[in-house]
Each structure stands twice: as C-alpha cells, then as structure tokens.
Amino acid sequence: MRIDKEKCTGCELCHPYCPVEAIATVEWEDESVSEIDQGECVECGNCLERSGICPVEAIYRPTLEWPRSLREHFSNPNAEHPSTTTMGRGTEEMKSNDVTGRYPRGISGVAVEMGRPGVGTSLRDVETVAMALAEMGVEFEEENPVSLLMADPKTGKFKEEVLGEKVLSLILEFKIQNDRLERVLKRIGEVSTRIDTVFSLDLINRVEPDGGIPGMAIAEKAGFSPRPNTKTNVGLGKPRFREV
Amino acid sequence: MLDSGSHDSERFEMTHSLHRRGSVKDLHEDYVLIFYTSKGINREGSDEKMKQFWHVLSHYEQDLVNFGNHHPNRSGGEPYNMEDLKKAKSQMNMAVFKDVEKLKACLQEIKERDFGISVVVSGLYGETKRICSEIGLAPHTVNLSLGIHGNKKKLPEEGVLEIHTMCGHGVVPFNLILEMVKEIKAGKTTCKEAAKKLSRMCDCGLFNPYRAEKILQKMTATK
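If you're wondering where the values come from, they're calculated on a predicted model, not measured in any experiment.

This part is about the overall build of chain A. Of the regular secondary structure elements, chain A holds six helices and 14 strands. Structurally, chain A occupies a C-alpha span of about 70 × 40 × 35 Å along its principal axes. Considering chain A as a whole, with its 244 residues, one finds that 52% of them fall into the buried category. Residue pairs in contact within chain A that sit at least 24 positions apart in sequence constitute 75% of those at least 6 positions apart.

Here it is, written out as structure tokens:
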C-alpha cells in the first residue's frame with residue numbers, strides 16, 4: 001500500500017488501522033504527511049477499502065510484482081492466490097472432515113498459524129519453524145498455499161526470493177500419527193523460543209466412539225494446555241466418509 | 001479442562017474462529033456456527049441449500065449478534081442484510097450466537113432439514129457437546145486451540161487480545177482497539193459505537209460486537 005504525499009493532509013486517521021504499525025508521520029517538503037514503511041507493510045488493504053478512512057483518497061494499492069505480491073495473498077482475506085485460485089491461508093481442514101475423512105482416527109492434524117494473533121511474521125521465521133518440523137520427518141499439506149513458497153518441502157527450506165517478505169499470517173499445516181505427536185509438539189515448543197514472532201497452535205482429532213479426544217492427553221504431556229473453546233464438526237455432512 | 005458473493009473462486013478458510021480468547025464465563029456469549037461445503041463432494045449443486053440455510057437462520061435473526069458469508073460486508077459495521085444473503089451464492093455461511101440455547105434450537109432445525117452440508121460449532125466444547133447430545137448429535141471431529149507461543153512480548157493486554165481474536169484474519173488491529181479505548185475514555189464515542197466500528201473491519205461477519213462492547217466497558221470502567 002502507498003500514500004500519495006501530494007494528497008495526504010497528515011491527519012493520521014489511517015495510522016491505527018494498520019495491523020503492523022507500518023504507517024508513520026514524516027516530514028516532506030516542509031509538510032507533515034503519512035508514509036507507509038514498505039518493509040513492514042503486509043498489503044492487507046486495511047488502510048484502504050476495509051477502513052475507508054482517508055478523507056482525501058490519498059491511499060492507493062500499487063500493482064504488486066512477485067515476490068512482494070505474496071504479502072497481499074496471505075494478508076488480505078479477500079485476495080486470491082493467483083497460482084491456486086484459492087483465497088485464504090489454509091485448507092478445508094476439519095470443517096468438512098465428516099465428508100472428506102481427511103483426519104481418520106489415529107492421525108492428528110496440526111497447524112502452526114505463524115504471526116497470529118495480530119503480530120505478523122517474516123518468512124524467515126516461518127522457515128525456521130518449517131525446517132525444525134521437517135527435521136522430524138513432517139510432511140507439509142500440499143494443498144496449503146504455503147507449499148508453493150517452499151524450495152524443498154522435505155527440508156522446509158523456502159525459496160530464497162521470498163525470505164525477505166512479511167505477511168500477517170501464514171499456516172504450516174500437516175498430519176502426523178498420534179504416536180509421533182508428542183515429540184513433534186515438544187519440538188514446536190522448542191523452536192518457539194527461536195523466533196521473533198508469535199503463533200497460534202491447532203490440534204485436530206477425530207473424536208473416538210466413546211467421546212475421547214486422544215490428542216488432548218498427548219498435548220498436555222508435551223506441555224500444552226488446550227483451551228476450553230474448540231471448533232467442532234457435528235457430523236451432519238453427507239455423503240458421510242466411510243471409515244475403515 | 002474442555003468440559004468446563006461476487007466471484008466464484010475457491011475459498012479455503014482455516015480456523016479463523018478457533019482462537020477466540022476470554023474467560024469461560026465470557027465465552028458463554030460467543031458461539032460461531034459455520035455451514036461449509038466441501039469441494040468435489042457436496043459443494044457442486046449446493047447453491048439452493050446454502051440459501052435455505054439463511055431461511056432457517058432468519059428464524060433466529062433477533063438472536064444473532066453477527067452473520068455473513070465470505071463476501072466482504074462494507075455496511076459500516078451493520079450486520080449483513082439477510083434478505084441479500086438468501087439470494088447470494090456462497091460456499092461458506094457463518095452466524096454468531098450469544099445464547100447457546102438459541103444455537104441449540106437452530107442446530108436442531110438444521111439437523112431436521114437434513115441439508116447434508118458440514119456444520120461446525122466454534123465455542124466452549126463442554127456446552128457444544130451438551131447441546132449436541134440433547135438433540136441427538138455427537139461431535140465428529142474437534143480442532144483444539146493449544147494457545148499462543150513464541151515471542152509473546154509482542155502481544156498487547158488481554159482485553160485487546162480478546163477483541164482482536166474475534167477476527168481470525170487479524171484485520172481488527174491492536175492499535176485500533178486501543179484508539180477506541182482512548183476515544184471512549186475521552187467521551188468521543190460510546191462502547192457500542194466503538195464495537196460497531198471494530199466490527200466493520202471483519203469481512204466475514206464473525207466478529208461479536210455484543211461481546212466486544214462488554215469488553216470495552218470493562219477496559220474503560222473508571223476505577
């Protein structure tokens with residue numbers, strides 16, 4: 001996002017709308033005007049159409065070239081990933097598990113939501129976590145648009161040209177057998193101390209016939225405390241996936 | 001612990017209602033209902049069912065604190081127009097309830113209509129399990145939130161976080177919430193108006209302005 005300094009009146013109304021504090025007042029031709037730090041801006045569009053706040057229409061969206069364009073694809077909920085023609089940051093995950101069977105019993109789904117909540121993340125931090133997970137033999141979800149940014153999903157190494165980019169959030173998503181879950185969660189705990197940003201962590205489980213959620217005890221053993229609120233698929237989808 | 005629109009491209013949203021923060025007491029007023037089609041299984045040909053969902057939801061319109069689909073709502077913080085939603089093409093519909101009993105009644109009606117579309121409830125698991133059991137359903141799959149990790153020094157105070165996480169896309173900025181707090185304290189706006197202004201940022205209709213207003217009241221109460 002950019003601000004036309006000729007139009008800007010320096011009112012600063014747009015400043016609080018930026019989720020990554022990229023807008024600041026600068027002196028320009030003896031005037032105080034707002035400027036967007038291009039290194040920090042994640043191209044989410046909050047300052048433009050979502051806020052509609054600029055009284056003089058000084059804020060505009062320039063045409064973005066690769067790799068900067070990925071900032072918008074991962075940060076603006078209404079932007080489309082051109083290579084996948086998908087929107088959003090993840091997959092259908094468990095929302096449709098009753099019809100897809102994506103997560104059968106014995107398998108957990110894990111999502112590391114980098115930059116969330118509200119902090120944003122550099123791609124270098126994402127790579128740090130991805131490489132730590134890859135060392136554990138984790139296989140990243142191919143349908144997740146993040147996979148397109150990786151040079152080698154087997155090592156978690158990202159393409160060199162994307163490493164200088166920053167996004168509001170991005171999800172590292174994978175499935176893992178329950179008997180390997182504890183070690184992987186512990187590794188996630190370890191790598192969390194080596195990054196400059198935050199992440200929110202998700203754990204998906206097919207509910208057992210007796211109502212049990214196997215991943216709960218495993219997560220607690222690995223040092224994580226599941227929160228009392230969850231997302232729950234209540235099993236109304238059809239055709240229901242036929243489990244073995 | 002747990003027992004306590006406008007285009008036709010594919011849209012994969014992930015967990016944007018999962019990490020809502022707050023005390024168990026506060027979360028009792030915050031339940032998201034998601035109606036979700038699956039690509040290649042029941043998305044194709046689902047248009048009529050997606051519209052029918054809104055006909056069911058219209059029976060509970062006065063009980064909803066927000067609702068929408070994945071097309072942006074630019075109505076200045078007002079909820080979507082449900083009559084428009086009844087006509088809209090959509091792959092995912094969402095509604096926010098503040099009363100779990102109303103959610104239960106709605107869920108029962110959806111069950112009886114037998115749409116065959118996946119339904120997800122985001123909220124307190126103990127309550128979700130209870131209402132499911134009372135209407136003859138059982139949780140199929142759960143997504144647990146294992147919290148926030150990493151450099152937590154970058155996080156704001158809990159009240160800000162509680163409001164911010166009502167929009168999983170992260171487009172309700174920390175600083176905008178703090179600006180609203182400042183304006184309320186200065187008498188420039190009310191908690192209700194501020195909550196509406198924050199709700200405007202959420203494109204999907206997942207933000208809970210009813211709860212946000214209460215949090216803002218707490219944050220701005222004179223001690």
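Picking up after the structure, the text goes on.
Our next topic: the domain arrangement of chain B. All names here are of chain B. Assigned domains within chain B: domain 1 (24-134) and domain 2 (152-220). Placing the centre of domain 1 and that of domain 2 at their C-alpha centroids yields a distance of 23 Å. Of the residues lining the interface, 18 residues belong to domain 1; the matching set on domain 2 comes to 13 residues. Taken together, the elements giving at least two residues each to the side of domain 1 that touches domain 2 come down to strand 3 (64-69) and strand 4 (92-97). The element contributing the most residues to the side of domain 1 that touches domain 2 is strand 3, with four residues. Across the side of domain 1 that touches domain 2, the residue classes break down as eight nonpolar, six polar and four charged.

Take the nonpolar core next. Counting 126 residues, the largest nonpolar core has Val112(A), Leu172(A), Leu33(B), Val172(B), Leu198(B) and Leu216(B) as its most contacted members. If sequence neighbours within four positions are ignored, Leu198(B) has contacts with Ile163(B), Val172(B), Leu176(B), Ile177(B), Met180(B), Phe207(B) and Ala212(B).

Take helix 2 (residues 47-57) of chain B next. Residue and element names in this part refer to chain B. Restricting attention to buried positions, one finds in helix 2 the residues Met50, Phe53, Trp54 and Leu57. Around the axis of helix 2, the buried residues are gathered within 95° of arc, so they sit on the same side. Opposite the buried face of helix 2, by more than 90 degrees, sit the exposed residues Glu48 and His55. As for helix 2, its buried residues are in contact with strand 2 (31-36), strand 3, helix 3 (82-87), strand 4 and helix 4 (100-113).

Once that is clear, we can look at the interface of chain B and chain A. Tallying the contact residues gives 67 residues for chain B and 71 residues for chain A. Counting residues per element, the side of chain B that touches chain A draws most heavily on strand 6 (residues 141-150) of chain B, which supplies ten residues. Taken together, the residues that form the side of chain B that touches chain A break down as 33 nonpolar, 25 polar and nine charged. When strand 14 (residues 229-233) of chain A meets strand 6 of chain B, the two strands line up antiparallel, connected through four bridges. When the bridges of strand 6 of chain B are listed, Thr230(A) appears paired with Leu144(B).

With that out of the way, let us pick up the packing of helix 8 (residues 191-199) of chain B against helix 9 (residues 209-220) of chain B. Residue and element names in this part refer to chain B. Interhelical geometry of helix 8 versus helix 9 gives an angle of 130° and a closest axis separation of 8 Å. Classified by the interaxial angle, the pair formed by helix 8 and helix 9 is oblique. Crossing of helix 8 against helix 9: the hand is right-handed. Mapping the contact onto sequence places Cys191, Lys192, Ala194, Ala195, Lys196, Leu198 and Ser199 in helix 8 and Pro209, Ala212, Glu213, Leu216, Gln217 and Thr220 in helix 9. Its residues placed into classes, the contact of helix 8 with helix 9 shows seven nonpolar, three polar and three charged.

Taken together, the buried positions of helix 6 (residues 214-221) of chain A are Gly215(A), Ile218(A) and Ala219(A). Down the axis, helix 6 of chain A shows its buried residues gathered within 100° of arc, on one side only. Residues of helix 6 of chain A that are exposed and angled more than 90 degrees away from the buried face: Ala217(A) and Lys221(A). In this structure, the buried residues of helix 6 of chain A make contact with strand 7 (107-114), helix 5 (178-191) and strand 13 (198-206) of chain A together with strand 6 of chain B. In the segment just after helix 6 of chain A, Gly223(A) is the residue with positive phi, at about 100°.

The rules behind the values
Residue indices begin from 1 for each chain and proceed along its sequence in written order. The order in which chains are written sets their letters, starting at A; the order in which ligands are written sets their numbers, starting at 1. Local features in a predicted model are, by the rule used here, given only for residues with pLDDT of at least 70; side-chain atom pairs are given and counted only at 80 or more, and totals for whole chains, interfaces and linings are based on all residues. Strands are runs of DSSP state E lasting at least 2 residues, helices are runs of H or I lasting at least 4, and numbering of each runs from the N terminus. Put simply, a residue is buried when 20 or more other C-beta atoms lie within 10 Å of its own C-beta and exposed when 12 or fewer do; between those, it is partly exposed, and each C-beta is set from the backbone. We call two residues in contact whenever the C-beta atoms placed from their backbones are within 7 Å. Boundary definitions for the domains trace back to an automatic or database domain assignment. Residue classes follow a fixed rule: Ala, Val, Leu, Ile, Met, Phe, Trp, Tyr, Cys and Pro count as nonpolar, while Asp, Glu, Lys and Arg count as charged, and any other residue, Gly among them, counts as polar. Note on definitions: a nonpolar core is a set of buried residues drawn from Ala, Val, Leu, Ile, Met, Phe, Trp, Tyr and Cys, linked by C-beta atoms within 7 Å. For this quantity, the arc is that covered by the directions from the helix axis to the C-beta atoms. Strand pairing follows a simple DSSP-based rule, namely that at least 2 bridges must link the two strands. Only the stretch in contact is used when fitting a helix axis, every axis being a line fitted to C-alpha atoms; angles between N-to-C directions are given from 0 to 180 degrees. For this classification, under 35 degrees means roughly parallel, over 145 means roughly antiparallel, 65 to 115 means roughly perpendicular, and everything else is oblique. Crossing handedness: left-handed means the near helix sits turned counterclockwise from the far one by under a right angle, and right-handed means the same turn made clockwise.

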